[in-house]
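# Close look at the chain arrangement
Chain by chain, the residues run as shown.
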Amino acid sequence: MPPLKNTSLTGDCPHSGPIEQVRYGCTLGALASVIAIPGAVPITHCGPGCATKQFHALSGINAYQGGECYVPSTNMGNREVIFGGADRLDELIAATLRVMEADLFVVQTGCIPGLIGDDVESVVNRYRRRGAPIVFADTAGYRGNNFTGHETIARAIIDQHARDYDGPKHERLVNVWSLLPYQNPFWRGDLAEIRRILEGIGLEVNILFGPASDGVSEWKAIPRAKFNLVLSPWLGLETARHLETKYGQPFLHVPAIPIGARLTGRFLRDVASFAGLPPEPVEAFIAREERDYYLYLRDFSAFYAGCTSQYRLPSQFVIIGESAYTLAVARFLADQLGLLPGVQIATENPPDTERDSIRAQFANLAEGVHADIAFIEDGFEAHRRVIESDFTGHYPVVFGSTWEGELAKRIGAPLIEIAHPATDEVVLSRSYVGYRGALQLLERTYTAVVRESTVG
Amino acid sequence: MALNLKVPQAETREQRLGTIIQWDGAASQLARDSAFTHGCQKGCDNGGRRLCEASTPFSQASMCAEQIAVTNATIIQESVVIQHSPIGCAASQTFTCRYYRDLAERRGWKLEDPKAICTNLIEQDMVFGGIRKLEETIREAWERHHPKVIFIAASCASGIIGDDIESAARSLEAELGVVIVPLYCEGFRSKHWSSGWDVIEHGILRRLVSREGKKQPDLINVIHLGGPDVFSPLLAPLGLKTNLVMGGSTLDTLAQMSEAQATVTMCFVLSYLATGLEQDYGVPEVKAPLPYGLADTDRWLREIASVTGRQGNVEAVIAAERERIAPELERIRKALAGKKGFVAAGAAFAHGLLVVLRELGVEVDSAFSYHHDPASDSGDPTQDTLSNLVDGWGDIPNYTVSPDQHFQAHAALQRSKPDFVVCRHSGTFASLAARMGIPVLPIFYSNDGIGYQGLITIGRAILRVLPRRRFYEDVSAHSRFPYQKWWLEETDPFAPIIEPA
């Protein structure tokens, strides 16, 4: 094992070291992704606390997205650990099909069946052969985290439920792979905004997760899409590559989710060009959106210029969060508002193979603006980097999770919660991306700034 | 049966107490059948019928003992908890952080995040073992925070791969000179999460209680589930100083438990600690029903006065308290007249809340208990809270034992159709009741219902939530549950699901 300590201010943390201030779930936590698909229900084969713990951490207290947990579970005990749990799972699936109603069941395993060697696949396959809408995903907790688990469940549904397809492609249909549901507190509103702007330029969208999705029917329609859009630094790439091989669907990878008119316009033009859409309707949509957006921005500029100049408007931003939002927000702040990047930390342990491309994104946040991104999962180490960094002459602002509350106080900065866990935000449909989301992000950020300067 | 504090692992409560997690019927029947567990054998008035656990092929995600043990270790001040587990087990720390900060605010502690580190076991650790990682993490915890105690919590994964936590704890304790307390709380070990209380209390009894302190003549240990100190106002007039433990403790309060005159427990689900203090430290446990409702609070105070030799003014204290709350109690009773309530909570705590509702004049015909202990660790019949409820306040015809199972709770609420629900562990039950259009009072801090003031606190809280029915009914009319129609109409939580082969 490599040494656990890293005393420098640059570089990443060693892989799989100890983690203080947990910022994601385990592989089984991808059950939240299943719950995010309207009409889908996970069936969990794991210990008694595993499924609720994941769901409550990711949803219940993370921006209070909803805590009602009815996930079937074998709640494995001594008996199953000693004698095997496949029979109990068999019984649970039979009972679930009698009691629950869903378009799709996803059987997920936790650590215990992985370690004791239950043959879960055979059990699930028996039900599939009888026509039950059920698939199996190996999500043993120690295999990875809820990000990698997300791709595992996507793959399981595609391969076992969407099935083979070589019919005609629907010319304007796109599958979107973007934010991790529930993990990101704003995913519901964000996916709705992403769907809205893509439909605005003339596409039809399988958004696949959340209230803006039609649910399991969208998953069945995945093979008919013309292409896949991966709108995140790395999450979804594995799925898109798989779909490319499986259905011959090309994919467009846009690492930075666009926030604000400038970046969103560029994004929509790139997508339109990739999809071969006629430019006129695209430009018309962008113009309509920009008209609204810039009216608000014009009015905000009075505040920003200092009509109430007693406030300490931030000049430097620190972001600690999953790479998707860290990158998206950093771009917006640097490119749209002219703030300078301070310490930037991605907390979700992206695969080694994708890290260089993420670094490249940060190296060119906006014209002439360079930032370093460190990959650090351990909150203690992340905070050390921030505390020891240089704020000379700056007013910092922190974007992060609830764990950054103490840090923000310590460096005298306002905190805007954008990452898991966000226990000081109640989020329903709020979005921070695209055109409309950018305005809400401005509202929330500068409300925090004003309160920081006036209260306490 | 005596607790065995010589071994590192606590026996589970199904082994010690015969705990069950599935049952449905009249509370009076459950109380009678439980008596068998006390060893009454053929002398039982039900003819020696054994307590028989129900079963159902369908089950939903529940909670584990690890979460209870870890949460309650984490909220002990000046500690670091190391979860020797894959990262998912640590997910609950985001909740615990909120909980700790709230406690800190209420108790006037320093407002800071609690300290917990996960060893983050991954696949290769499952193959090669995770002990080296654990040792490095212990050193790291020490270097980062210099805690006064380090807890190491086991997990399902570390338990199955057989990591020798005990040896690691001993060698690092010698190396670093800090107390290291292993917690054997693998989730699969017990079928009920409340075993987690026993695990943390076992660790406290073995390592954190002082054997050297002098007796303090006015000190009384109060073991509670968590929340603000509602005990000092009751006990101070008797000249007693409250040593409030569990549910957020300082190491000093835990150490000085051996110096107290007596121990009272606010929920017999936590009876392990009090029994251990009596057995190993000679601190007597007050044997009285829990202080819910007027009469039982009277008895509770008299018993405390008797055990600590402070009978002098206890009757005056009782009379003054009763007089103080009488007008408000009357107002609340009038406002709640004709209302029907439903209680969902864990065993003894549920029984206490049921007494409160009946004292408030609320009709209750149904309750939901997350588990059932046929006995408490002391084995003393005065701690049989279910019999106390049935004998003192009448039967509960529909009494369901279920570990917070959403589908069973749905059936139980369909059967009862209450005007409101009072519940603990608010994740499943509270959200469910709300979505069924029923106003719900979630109890986060379980001390809310205790003593004379508890009647007022709970009564007022119910009156605050009743008007929200319009919100819940609106939501209920516009959302649905993922159950089949036949189950949505079912009113028996244990209705057969799969026909016998």
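Residues numbered from 1 in each chain as written. Chains lettered and ligands numbered in written order. Predicted model: local features only at pLDDT ≥ 70, side-chain atom pairs only at ≥ 80, totals over all residues. Heavy atoms only, no water.

## Brief notes about the overall build of chain B
The following threshold applies: The secondary structure listing takes helices from DSSP runs of H or I that are at least 4 residues long and strands from runs of E that are at least 2 residues long, numbered from the N terminus. Every radius of gyration here is taken over C-alpha atoms, with the globule rule written as 2.2 Å times N^0.38, N being the number of residues. The classification of residues rests on relative accessible area computed with a 1.4 Å probe and restricted to protein chains. Under 20% of the type maximum is buried, over 50% is exposed, and intermediate values are partly exposed. Pairs of residues are marked as contacts when any of their non-hydrogen atoms sit within 4.5 Å.
Helices and strands together make up the secondary structure of chain B, namely 21 helices and 13 strands. Over its C-alpha atoms chain B spans a radius of gyration of 23 Å, differing by no more than 12% from the 23 Å that the globule rule assigns to 501 residues. For the C-alpha atoms alone, the extent of chain B along its principal axes is close to 65 × 65 × 50 Å. Expressed as a percentage of the 501 residues in chain B, the buried residues total 63%. Considering only intrachain contacts with a sequence separation of at least 6, the fraction spanning at least 24 residues in chain B is 74%.

## Focus on helix H2 (residues 27–35) of chain B
Residues and elements named next belong to chain B. The buried count for H2 comes to seven of nine residues, which makes it a mostly enclosed element. What H2 keeps buried is the set Ala-27, Ser-28, Gln-29, Leu-30, Ala-31, Asp-33 and Ser-34. Contact partners of the buried residues in H2: strand E1 (23–25), helix H16 (385–393) and strand E11 (398–401).

## Quick look at the pattern of salt bridges
What counts, and what does not: The rule for a salt bridge is simple: a side-chain nitrogen of Lys or Arg has to be within 4 Å of a carboxyl oxygen of Asp or Glu.
For the coordinates displayed, the defined rule picks out 61 salt bridges over all chains. Put simply, A:Arg196 and A:Glu193 hold a salt bridge, and the shortest N to O gap is 2.9 Å. Of the two residues, A:Arg196 and A:Glu193 are both situated in helix H8 (residues 187–200); the distance of three residues between them amounts to about one turn of the helix. Side by side, A:Arg196 and A:Glu193 carry an identical accessibility label, which is buried. Across the salt bridge formed by B:Arg302 and B:Glu315, the nearest N and O atoms sit 2.7 Å from each other. Highlighted residues: B:Arg302 in helix H13 (residues 294–307) and B:Glu315 in helix H14 (residues 314–336), separated in sequence by 13 residues. Looking at B:Glu315, the relative accessible area reads 42%, which means it is partly exposed.

## Some details on the confidence of the model for chain A
The condition that has to hold: The predictor's confidence in any single residue is recorded as pLDDT, a number from 0 to 100.
Scored by pLDDT, chain A has a mean of 95; 97% of the residues are at 70 or more. Within the model, the stretch residues 1–6 of chain A combines pLDDT values under 50 with 18 contacts to residues more than four positions away or in other chains.

## Points about the side chain of A:Ser232
Of note, A:Ser232 is situated in the loop between strand E7 (225–230) and helix H10 (237–247). Once residues lying within four places of it in the same chain are set aside, the contact partners of A:Ser232 are A:Ser178, A:His253, A:Val254 and A:Pro255.

## Section: the interface of chain A and chain B
Stated precisely, the cut-off is as follows: Buried area: the accessible area, evaluated with a 1.4 Å probe, that two parts lose upon being put together, summed over both parts. Residues adjacent in sequence count toward polar contacts only when both atoms are side-chain atoms; beyond that, a polar contact is any pair of N or O atoms within 3.5 Å, and within protein one must be able to donate a hydrogen and the other to accept it. Side-chain classes are defined by residue name, with Ala, Val, Leu, Ile, Met, Phe, Trp, Tyr, Cys and Pro counting as nonpolar, Asp, Glu, Lys and Arg as charged, and the others, Gly among them, as polar. In this analysis, strands are considered paired if DSSP registers two or more bridges between them.
Opposite the 65 residues of chain A that make contact, chain B presents 69 residues. Across the interface of chain A and chain B, roughly 5,500 Å² is buried in total on both sides, 58% from carbon and sulfur atoms. Among the residues chain A hides against chain B, the three largest losses belong to A:Lys53, A:Arg98 and A:Val99. Together they make up 13% of the total. Where chain A meets chain B, there are eight salt bridges. For the pair chain A and chain B, the interface holds 34 residue pairs in polar contact (both at pLDDT 80 or more). Sorting the residues of the side of chain A that touches chain B by element identifies strand E1 (19–20), helix H2 (50–60), helix H3 (78–83), helix H4 (86–99) and helix H5 (111–116) of chain A as the ones contributing at least two each. The dominant element in the side of chain A that touches chain B, judged by the number of residues it contributes, is H4(A), at nine residues. Here the residues of the side of chain A that touches chain B are counted per class, giving 33 nonpolar, 19 polar and 13 charged. Across two bridges, E1(A) lies against strand E3 (residues 115–118) of chain B in antiparallel orientation. Looking at the pairing, A:Ile19 lines up with B:Cys118 of E3(B).

## Looking at the environment of B:Glu315
When the C-alpha positions of B:Glu315 and B:Ser258 are compared, they lie 28 Å apart, and in sequence the two are 57 residues distant. Side-chain polar atoms of B:Glu315 contact the side chain of B:Arg302, separated by 2.7 Å.

## Comments concerning a nonpolar patch on the surface
This is how the line gets drawn: For patch detection, residues must exceed 30% relative accessible area and be free of salt bridges, and they are connected within 9 Å for like charges or within 5 Å for nonpolar side chains (Val, Leu, Ile, Met, Phe, Trp, Tyr). Working definition of accessibility: Shrake-Rupley area with a 1.4 Å probe, residue cover restricted to the visible protein chains.
Together, A:Tyr64, A:Val426 and A:Leu428 make up a nonpolar patch on the protein surface, roughly 310 Å² of accessible area in all. Among the secondary structure elements, A:Tyr64 is positioned in the loop between H2 and H3.

## Some words on unusual backbone geometry
For the peptide bond that leads from A:His420 to A:Pro421, omega is -5°, which places it in the cis range. Position of A:Pro421 among the secondary structure elements: in the loop between strand E13 (415–417) and helix H17 (434–454). Phi is positive for A:Ala63, close to 60°, though the residue is something other than glycine. Assessed through its relative accessible area of 0%, A:Ala63 is described here as buried. Phi at B:Lys417 takes a positive value of approximately 45°, unusual for a residue other than glycine. Inspection of the secondary structure puts B:Lys417 in the loop between helix H17 (406–416) and strand E12 (420–423). Overall, B:Lys417 belongs to the exposed group, its relative accessible area being 56%.

## What to know about the state of the cysteines
Where we set the bar: Note that a disulfide, as used here, is simply two cysteine sulfur atoms within 2.5 Å.
Taken as a whole, this structure holds zero disulfides over all chains when the rule is applied. A:Cys50 provides the cysteine sulfur closest to A:Cys46, a residue in no disulfide bond, and the two sulfurs are 4.3 Å apart. Exposure remark for A:Cys46: the relative accessible area of 0% places this residue in the buried category. The thiol of B:Cys267 is unpaired, and the distance to the nearest cysteine sulfur, on B:Cys423, comes to 15 Å. With relative accessibility at 3%, the residue B:Cys267 sits in the buried group.

## Quick look at the side chain of B:Ser402
Relative to the helices and strands, B:Ser402 resides in the loop between E11 and H17. Among the polar contacts listed, one links the side chain of B:Ser402 to the backbone nitrogen of B:Gln405, at a separation of 3.3 Å.

## Remarks on the sheet that holds E1(B)
Residues and elements named next belong to chain B. Operational definition: Axis lines are fitted through C-alpha atoms, for helices just across the contact stretch, and the angle between N-to-C directions can take any value from 0 to 180 degrees.
With mixed pairing, six strands are arranged side by side in an open sheet as E1-E11-E10-E9-E12-E13. The two strands at the open ends of the sheet, each matched to only one other strand, are E1 and strand E13 (440–442). In this sheet, adjacent strand axes meet at a mean angle of 15° when their direction is disregarded. As judged from the four bridges shared by strand E10 (residues 363–369) and E11, these two strands associate in the parallel manner. Pairing of Ser-366 across the sheet is with Asn-398, part of E11.

## Quick word on the packing of helix H13 (residues 323–337) of chain A against helix H14 (residues 352–363) of chain A
Residue and element names in this part refer to chain A. Applicable threshold: By definition in this entry, angles of less than 35 degrees are roughly parallel, angles greater than 145 are roughly antiparallel, angles of 65 to 115 are roughly perpendicular, and the rest are oblique. Helix crossings fall into two classes, left-handed where the near helix is turned counterclockwise from the far one by less than a right angle and right-handed where it is turned clockwise.
The interhelical angle for the contact between H13 and H14, taken along N-to-C directions, is 15°, at an axis separation of 10 Å. Here H14 runs roughly parallel to H13, going by the angle between their axes. Where H13 crosses over H14, the two elements pack in a sense that is left-handed. Residue-level contacts link Ser-323, Thr-326, Leu-327, Ala-330 and Arg-331 of H13 to Ile-358, Gln-361 and Phe-362 of H14.

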